[in-house]
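Okay, here's what each chain looks like letter by letter:
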Amino acid sequence: MMENTNNQQPIDKDYYKRQIGLIEITQGAYKARCLHLVTKLNVASLLADEKPHSVDELAKQLGGVDATTLHKIMRGLSTIGVFKHHDQEEGVSSRIFSQSDLSRMLNDKFTRDAILFKGGDGVYNGLNDIGETLKTGKASVALHSAGKGYSNFWEYIWDNPTELGLFERGMTGLTSPLLPYFLDMSDFSKFKVVVDLGGSQGVMIQEILKQNKHLEKGINFDVQETIDNNKKLDRSKVDPRFSEVVGSFFESVPVADCYTMSKIIHDWDAKEAKGILETIGKSIKPNGKVFIYDLILEKDRDYYSYRTWKDVDLWHSVNGRQRCEKEYTDLAASAGFKIDAFVKDYMVIMSKIVN
Ligand SMILES: C[S@@+](CC[C@H](N)C(=O)[O-])C[C@H]1O[C@@H](n2cnc3c(N)ncnc32)[C@H](O)[C@@H]1O
């Protein structure tokens, strides 16, 4: 690689401002790691009384924490909306903080679990290998950083119970807030049996059952490791129509008239996504439907930055991708399905082509 030592831009008096714009992006790693740290330490819970607190008092309550470092981290986070930093006192940076709208959310289980997973060691250390993904085009998140040379992310989490737990709780934390939006787009009135493929802890199918009293059965379908972990969850109040089935959607799935998949197809490349649809094609009842809940890229430019970075994340983690309408249309056709509708920016309805 050629070394670029030529300055192509004049060093005018605003040069440093343009440079800071870029250098601030490199600080993203500090922001991510510090957000994860304060979430893990439950700092926001100490501000739940909505009163101002000094970092010295907070550090004491946390134990094993240096107050000066905590001050710097909380002050940094307050610049991006997490925690409120009180005004300086007598020309010295205040050591007083209170809750902000964003830090208040860290006390919410869904948000907390989502951050513990997305900012956790597995994902964070795996970022080191993005250069490897760039070189090979093969998802490298778990190859080296995870230490044992796993061939993919799934092998890594299925072999590491702590990471698997973080992943499952993180997915519930990320998906639960979307359920009102997903269910608002979905009409289950013509179905009797719905299977949620790759349903993880089962929150989606339970919500579908809750809102659709006419359904006879709702099945949460996932791999052995996840269904085994679900046995630790409190199911005492679960709907009697709910059940769980172990399996792989590359092999066979229970017979049903509706298959839901939230954040499943986006985990797989064209060949594997086709394979999942073909498996469904063998079991789907006549007039059955496939409801896919994945972001449809380009359909809506809201949160566009978030969506495109999520695409990088999916690619580096599992060779998954965010797809555009055309890619879903091609995918459906490749597996003998057709698109019935794209609903808003987050749902694709497919049905099997009957010859
Ligand atoms: C990204 S998570 C999505 C979880 C959930 N649907 C949601 O929206 O939060 C992907 C899920 O697919 C499951 N999965 C991966 N490979 C699978 C396979 N071959 N058969 C069935 N489930 C699988 C994982 O265990 C995980 O629960």
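Quick caveat: nothing in here was measured; it's all calculated off a predicted structure.

## Notes on the site of the ligand
If you check the shell around the ligand, you find 20 residues, and the closest are Thr-175, Gly-198, Asp-222, Phe-249 and Ser-262. Measuring from a nitrogen atom of the ligand, one finds a backbone N or O atom of Gly-198 at 2.8 Å. The contact in question runs from a nitrogen atom of the ligand to an N or O atom on the side chain of Ser-248, over 3.1 Å. Those elements giving two or more residues to the shell around the ligand turn out to be α9 (153–159), α10 (161–175) and β5 (217–222).

## Quick word on the layout of surface pockets
The calculated volume of the second largest pocket comes to roughly 270 Å³. Around the second largest pocket sit 13 residues that line it, and Phe-110, Thr-172, Gln-201, Val-203 and Leu-233 are the ones nearest its centre. Only α6 (109–118), α10 and α12 (203–211) provide two or more residues apiece to the lining of the second largest pocket. The residue makeup of the lining of the second largest pocket, split by class, is 3 nonpolar, 5 polar and 5 charged.

## Some points on the domain arrangement of the protein
Segmenting the protein into domains produces domain 1 (15–107) and domain 2 (169–352). Here domain 1 and domain 2 have C-alpha centroids that lie 37 Å from each other.

## With respect to the sheet that holds strand β2 (residues 84–85)
Spatial ordering of the open sheet is given by β1-β3-β2, a layout of 3 strands whose pairing is antiparallel. Edge strands, defined here as strands with exactly one partner in the open sheet, are β1 (53–54) and β2. Pairing geometry for β2 and strand β3 (residues 96–98), over 2 bridges, is antiparallel. Each bridged residue has a counterpart across the sheet, and for His-85 the counterpart in β3 is Phe-97.

## Considerations on unusual backbone geometry
Here the phi dihedral of Asn-42 falls at roughly 60°; this positive angle occurs in a residue that is not glycine. Along the polypeptide, Asn-42 turns up in the loop between α2 (28–40) and β1. The exposure class of Asn-42 is partly exposed, given its relative accessible area of 31%. Notably, Phe-83 is not glycine yet its phi reads approximately 80°, a positive angle.

## Quick word on the UniProt feature "domain: O-methyltransferase dimerisation" (unreviewed entry) in the protein
UniProt annotation of "domain: O-methyltransferase dimerisation" (unreviewed entry) refers to residues 24–106 when read in the numbering used here. Secondary structure content for residues 24–106 is 49% helix and 8% strand, and the end C-alpha separation is 24 Å.

## A few points about the sheet that holds strand β4 (residues 193–197)
Backbone hydrogen bonds are what pair the strands of a sheet, in a parallel or an antiparallel way. Taken in spatial order, the 7 strands make up an open sheet running β6-β5-β4-β7-β8-β10-β9, and their pairing is mixed. Edge positions in the open sheet fall to β6 (242–246) and β9 (337–343), since each of these has one partner strand only. This sheet shows a mean twist of 20° between the axes of neighbouring strands, independent of strand direction. Pairing of β4 with strand β7 (residues 256–262), which is carried by 3 bridges, proceeds in the parallel orientation. Residue pairing across strands places Val-195 opposite Tyr-259, the latter belonging to β7.

## Overview of the environment of Asn-7
Inspection of the secondary structure assignment puts Asn-7 in the segment before α1 (15–26). With 151 residues separating them along the chain, Asn-7 and Trp-158 place their C-alpha atoms 49 Å apart.

## Focus on α12
Those residues of α12 lying buried are Met-204, Ile-205, Ile-208 and Leu-209. Across the axial projection of α12, the buried residues extend over an arc of 135°, all falling on one side. Looking at the buried positions of α12, the neighbouring elements they touch are α11 (179–185), β4, β5, β6, β7 and β8 (284–293).

## Some remarks on the UniProt feature "active site" (unreviewed entry) in the protein
Per the UniProt entry, the sites bearing "active site" (unreviewed entry) are His-266 in this numbering. With respect to the helices and strands, His-266 occurs in the loop between β7 and α14 (270–283). Leave out the neighbours within four places in its chain, and His-266 touches Asp-294, Lys-310, Leu-314, Gly-320, Arg-321, Gln-322 and Arg-323.

## Focus: the environment of Lys-344
Mapped onto the fold, Lys-344 is located in the loop between β9 and β10 (347–352). Lys-344 gets classed as partly exposed once you look at its relative accessible area, which sits at 44%. Once the C-alpha coordinates of Lys-344 and Lys-210 are considered, the two residues, 134 residues apart in sequence, prove to be 23 Å apart.

## Observations concerning the packing of helix α3 (residues 55–62) against helix α4 (residues 67–78)
Two numbers describe how α3 lies on α4: the axes approach to 9 Å, and their chain directions differ by 115°. For the pair α3 and α4, the sense of crossing is right-handed. Between α3, through Val-55, Asp-56, Leu-58, Ala-59 and Leu-62, and α4, the contact on the second element is made entirely by Ala-67, Leu-70, His-71 and Met-74. Looking at the contact of α3 with α4 residue by residue, the classes come out as 7 nonpolar, 1 polar and 1 charged.

About the cut-offs
- Residues numbered from 1 in each chain as written.
- Predicted model: local features only at pLDDT ≥ 70, side-chain atom pairs only at ≥ 80, totals over all residues.
- Heavy atoms only, no water.
- Near = heavy atom within 4 Å.
- Polar contact = N/O pair within 3.5 Å; in protein donor to acceptor, adjacent residues only side chain to side chain.
- Helix = DSSP H or I, 4+ residues; strand = E, 2+ residues; numbered from the N terminus.
- 1 Å grid on protein atoms, 1.4 Å probe; cavity = no way out; pocket = protein on both sides within 12 Å on 5 of 7 lines; lining within 4 Å.
- Points joined across faces, edges and corners; volume = space filled by probe spheres on them.
- Nonpolar A, V, L, I, M, F, W, Y, C, P; charged D, E, K, R; others polar.
- Domains from an automatic or database assignment.
- Pairing = 2+ DSSP bridges.
- Buried < 20%, exposed > 50% of the residue type's maximum accessible area, 1.4 Å probe, protein only.
- UniProt positions renumbered as here; feature names shortened; annotations may be inferred.
- Axes fitted to C-alpha atoms, helices over the stretch in contact; angles between N-to-C directions.
- Arc of directions from axis to C-beta.
- Contact = heavy atoms within 4.5 Å.
- Left-handed = near helix turned anticlockwise from the far one by under 90°.

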